[in-house]
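Coordinates in review
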Amino acid sequence: MYQTTQQGAARIEPTLGHFKMFIDGRWAEAADGATLAIVDPASEAVVATVANGGLEEAALASEAARYARPGPSAGDEYTVERATYLTAAARKVRERVDQLARLRDAADGEAHRRLH
């Protein structure tokens, strides 16, 4: 569940913070300042806000993706770099597994279970 806000709207203080879009190697807000409030359906509390990109951001991301994939000569170097990023992302998920489980359980209406 989410709510759309525009630049200049009342500031919402989410529990998880604000998240930008990652486009062409940079973190970015929406060009028009629009955001989405991510709402916990169980409590109706805002748990996060995210940049709400539009057509301009979609075009930038599409263009960046077109050039992001390396050619065949990049092979092993690209594989190692990709594995490094994926390993770091997995580490971040593991660090927040309890928090993520509570959010998932609250959204599903299930009792929280320890995952480790």
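Residues numbered from 1 in each chain as written. Predicted model: local features only at pLDDT ≥ 70, side-chain atom pairs only at ≥ 80, totals over all residues. Heavy atoms only, no water.

A short note on unusual backbone geometry
The line we're drawing: Helix numbers and strand numbers start at the N terminus; a helix is a DSSP run of H or I with at least 4 residues, a strand a run of E with at least 2.
Non-glycine residue Asp24 carries a positive phi angle of around 55°. Mapped onto the secondary structure, Asp24 falls in the loop between β3 (21-23) and β4 (26-28). With phi around 65°, Glu44 is a residue other than glycine that occupies positive phi space. Along the chain, the position of Glu44 falls in the loop between β5 (35-39) and β6 (46-51).

Overview of the side chain of Thr49
The line we're drawing: Here's how the labels work: a residue is buried when its accessible area is under 20% of the maximum for its type, exposed when over 50%, partly exposed in between, all with a 1.4 Å probe on protein chains only. Each polar contact in these results corresponds to two N or O atoms within 3.5 Å; when the atoms are within protein, one needs to be able to donate a hydrogen and the other to accept it, and residues that are neighboring in sequence are counted only if both atoms are side-chain atoms.
Looking at the element boundaries, Thr49 is found in strand β6. Using a relative accessible area of 5% as the deciding quantity, one classes Thr49 as buried. A distance of 2.7 Å separates a polar atom in the side chain of Thr49 from a polar atom in the side chain of His18.

Brief notes about a positive patch on the surface
Worth spelling out the cut-off: Each patch is built from salt-bridge-free residues with over 30% relative accessible area, joining like charges within 9 Å and nonpolar side chains (Val, Leu, Ile, Met, Phe, Trp, Tyr) within 5 Å. Using a 1.4 Å probe, accessible areas were evaluated by the Shrake-Rupley method; residue-level cover was limited to the displayed protein chains. Whenever Lys or Arg places a side-chain nitrogen within 4 Å of a carboxyl oxygen from Asp or Glu, that contact is recorded as a salt bridge. Positive charge is attributed to Lys and Arg, negative charge to Asp and Glu, and no charge count is given to His or to the chain ends. Charged side chains are reduced to one point each, which is NZ for Lys, CZ for Arg, CG for Asp and CD for Glu.
A cluster of basic residues, Arg91, Lys92, Arg94 and Arg96, forms a positive patch on the protein surface. The residue Arg94 is located in helix α2 (residues 75-95) in this model. Taking the relative accessible area as the measure of exposure, Arg94 reaches 56% and is therefore exposed.

Observations regarding the packing of aromatic side chains
As a reminder, the rule being used: In this scheme Phe, Tyr and Trp rings, the latter by its six-membered ring, pair at centre separations within 6.5 Å, and the angle between planes marks the pair as stacked below 30 degrees, edge-to-face above 60, and tilted otherwise.
Scanning the entire structure with this criterion turns up one aromatic pair. Both rings, one in Phe22 and one in Trp27, keep their centres 4.7 Å apart while their planes meet at 55°; by these two values the pair is tilted.

What about the confidence of the model for the chain?
We apply this condition: For every residue, the predictor assigns a confidence score, pLDDT, that lies between 0 and 100. Two residues form a contact once any of their heavy atoms are found within 4.5 Å.
Of the residues in the chain, 73% reach a pLDDT of 70 or more, and the chain-wide mean stands at 79. Contacts of residues 6-10 to residues separated by more than four positions or lying in other chains number five contacts, the stretch itself having pLDDT below 50. Scored below 50 in pLDDT, residues 110-116 shows 14 contacts in the model against residues more than four places distant or in partner chains.

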